[in-house]
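A look at the structure
The lines below spell out each chain.
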Amino acid sequence: MRGIRVWARLLGLQRAVIEDVWIGDEGEVVVAVRPIWRERDRCGICRRRSPGFDLGDGRRRWRALDLGTTLAFVEADAPRVSCRRHGVVVCAVPWARHQARFTTAFEDQTAWLAVNTSKTAVAQLMRIAWRTVGGICQRVAAEAQREVDLLAGLRRIGIDEISHRTGQRYLTVVVCHDTGRLVWAAAGRDRKTVEAFLDALGEERCKQLELVSADMAAWVAGPITERCPQAELCLDPFHGVMLATDALDEIRREVWNEARRAGEIAVARDLKGARFALWKNPENLTARQQHKLADIQRTNARLYRAYLIKEQLRQIYRLPADAAIRLLDGWLKWARRCRLTPFIKLARTITDQRNGIIAAIQHGLSNARVEAINTQIRLITRRAFGFHSPDTLIALAMLSLADLCPPLPR
Ligand SMILES: [Zn+2]
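Residues numbered from 1 in each chain as written. Predicted model: local features only at pLDDT ≥ 70, side-chain atom pairs only at ≥ 80, totals over all residues. Heavy atoms only, no water.

Our focus in this paragraph is the overall build of the protein. A count of helices and strands for the protein gives 17 helices and 12 strands. Projected onto its principal axes, the C-alpha coordinates of the protein cover approximately 95 × 50 × 35 Å. For the protein, contacts bridging at least 24 residues in sequence account for 58% of all contacts bridging at least 6. Approximately 21,700 Å² of the protein is accessible, and the part contributed by carbon and sulfur atoms is 50%. Here the protein holds 65 positive side-chain charges and 46 negative ones, and the gap between their average locations is 2 Å. (Helix = DSSP H or I, 4+ residues; strand = E, 2+ residues; numbered from the N terminus. Contact = heavy atoms within 4.5 Å. Areas by Shrake-Rupley, 256 points an atom, 1.4 Å probe, with all protein chains shown as cover. Lys, Arg positive; Asp, Glu negative; His and termini not counted. Charge placed at Lys NZ, Arg CZ, Asp CG, Glu CD.)

This brings us to the coordination of the zinc ion. For the zinc ion, the protein coordination sphere consists of Cys43 (SG), Cys46 (SG), Cys83 (SG) and His86 (ND1), at 2.1 to 2.3 Å. Note that the zinc ion binds 4 donor atoms; their angles at the metal cover 106 to 112°, and the shape is tetrahedral. Judged by its relative accessible area of 27%, cysteine 46 falls in the partly exposed class. Accessibility expressed as a relative area gives 27% for histidine 86, which makes it partly exposed. (Donors = N, O, S within 2.8 Å, 3.2 Å for Na, K, Ca; no water. Tetrahedral: all angles 85-135°; square planar, octahedral: opposite > 155°, others 65-115°. Buried < 20%, exposed > 50% of the residue type's maximum accessible area, 1.4 Å probe, protein only.)

Here we come to a nonpolar patch on the surface. Judged by side-chain polarity, Phe238, Met242 and Tyr317 come together as a nonpolar surface patch covering roughly 280 Å² of accessible area. Within the secondary structure, tyrosine 317 is located in the loop between helix 12 (301–314) and helix 13 (321–336). (Patch = residues over 30% accessible without salt bridge, like charges linked within 9 Å, V, L, I, M, F, W, Y side chains within 5 Å. Salt bridge = Lys/Arg side-chain N within 4 Å of Asp/Glu carboxyl O.)

With that settled, the discussion passes to helix 17 (residues 390–401). In a regular helix each residue adds 1.5 Å, so 12 residues correspond to 16 Å; helix 17 covers 16 Å between its end C-alpha atoms and thus fits that length. Counted residue by residue, helix 17 has 9 buried out of 12 residues, so it is predominantly covered. Every buried residue belonging to helix 17 is among Thr392, Leu393, Ile394, Ala395, Leu396, Ala397, Met398, Leu399 and Leu401, and all of these are buried. Of the residues flanking the end of helix 17, it is aspartate 403, one or two places downstream, whose phi is positive at about 60°. (Expected span 1.5 Å × (residues − 1).)

Let us now look at the pattern of salt bridges. Tallied over the full model, the rule gives 32 salt bridges. Each of Glu28, Arg59, Arg61, Glu75 and Asp77 takes part in salt bridges that share partners, so that together they form one network.

Attention shifts here to the pairing of strand 12 (residues 232–235). Here strand 11 (residues 211–214) runs beside strand 12; their pairing, made up of 4 bridges, is parallel. Directly across from serine 213, in strand 12, lies its bridge partner cysteine 234. Assessed by its sense of winding, the connection that carries the chain from strand 11 through helix 7 (residues 218–227) to strand 12 is right-handed. (Pairing = 2+ DSSP bridges. Right-handed = clockwise from strand over helix to strand, strands pointing away.)

This brings us to unusual backbone geometry. The phi torsion of most residues other than glycine is negative, and most of the peptide bonds are trans. With a phi angle near 55°, aspartate 41 is a residue other than glycine that sits in the positive phi range. Structurally, aspartate 41 is set in the loop between strand 2 (29–35) and strand 3 (52–54). In this model, arginine 127 sits at a positive phi of 55°, which is unusual for a non-glycine residue. Positionally, arginine 127 belongs in the loop between helix 3 (119–126) and helix 4 (130–147).

Before going further, it helps to examine the sheet that holds strand 3. As summarised here, the arrangement of the 3 strands in space is 3-6-7, forming an open sheet in which the pairing is antiparallel. Here the strands that pair on one side only, and so sit at the sheet edges, are strand 3 and strand 7 (87–90). Sheet twist, expressed as the mean angle between neighbouring strand axes with direction ignored, is 40°. Here strand 3 runs beside strand 6 (residues 80–83); their pairing, made up of 2 bridges, is antiparallel. Bridge pairing in strand 6 places aspartate 54 opposite arginine 80. (Axes fitted to C-alpha atoms, helices over the stretch in contact; angles between N-to-C directions.)

A separate point is the nonpolar core. The biggest cluster of nonpolar side chains holds 102 residues, and the ones touching the most others in it are Leu154, Leu182, Phe197, Ile224, Trp331, Phe343 and Ile350. Ignoring any residue separated from it by four or fewer positions in sequence, one finds phenylalanine 343 in contact with Ala244, Ala247, Leu248, Ile251, Ala306, Ile309, Lys310, Trp331, Ala335 and Cys338. Judged by nonpolar contacts, the second largest core, of 17 residues, contains Ala64, Leu67, Val74 and Ala96. (Core = buried A, V, L, I, M, F, W, Y, C linked by side-chain atoms within 4.5 Å.)

What follows is the structure in structure tokens.
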């Protein structure tokens, strides 16, 4: 029987008894097995020992890792048991996850490749469809998340949204500032999604949160203030600068429309081309753009004032905390009195968020870490193109960015 044990070794089969080995009709290696006695009659979901129910659909095959150049399959009965909690369920088998058509080793290797190589490489090397890779990633990630509690001991977190599917749909992601790990992700970007995260965290652990960073979105701030009494909310000042850039652009368009209506064609044309000069950081301007900006300063006081207001807000980044806070308050005074409607509105928004922005400045905390993870998720999104559900994207992101990827089987 020594030869037969070699097959168990080759396929990484444990807690199984090899019954037979043969070459199938298409040249594949088939290894017939049964679980050892202790592993029999267990519920596929909870693995609790349960009374037998029936023989299910009879013999079944699981694809195993290739043996050299040859496809390999494990074949066994798949009887059903009647679990007290889960009802009639197909039995657990020691070599595969519940409802999988592949062995655990096969799935672990596929997940590892999905994290570490390209879409085409994993599908071609494993000889499965990309869609199948997605299903495997979900199963592997779900199992890993049952074993590791990613939400344990969270103190400082960042919450943010990322878009996928060319901006049509959103995910909400939660990142731990201390470990830099992705700890939670779900489809949607609204209050309900944040509440689902807080539900998963549980009442006790909500109270232990010390710091939550986010952009200025009210859908994050609301539930955090209500349910995490100890948490200081930090609002990313960068988001304020982005809003200031939008306000500036609104003024540029106003001025441009006025010029057009007044028939000042040359002025209108110049303004249209000035967008980048106004938008870019002054230290990065090309000579031509600097020239353009100087023109605006000469010919268009209102637009230039808007530009200066935007630029001053941006300086908040460059300054130490005390000076940055003084600058913010000075900026708010200026913006409130500037007679430029979009900036007056922005001043109102920022006044509402002032405490959160100051907290972010004091903690030296912007959403930078969250942004870094977002960039990585965007790369994964691009790679995951063709996955139809956000669940698969989330699974791949969790495997990659939450340290859940299994090692290569050995
Ligand atoms: Zn069960």
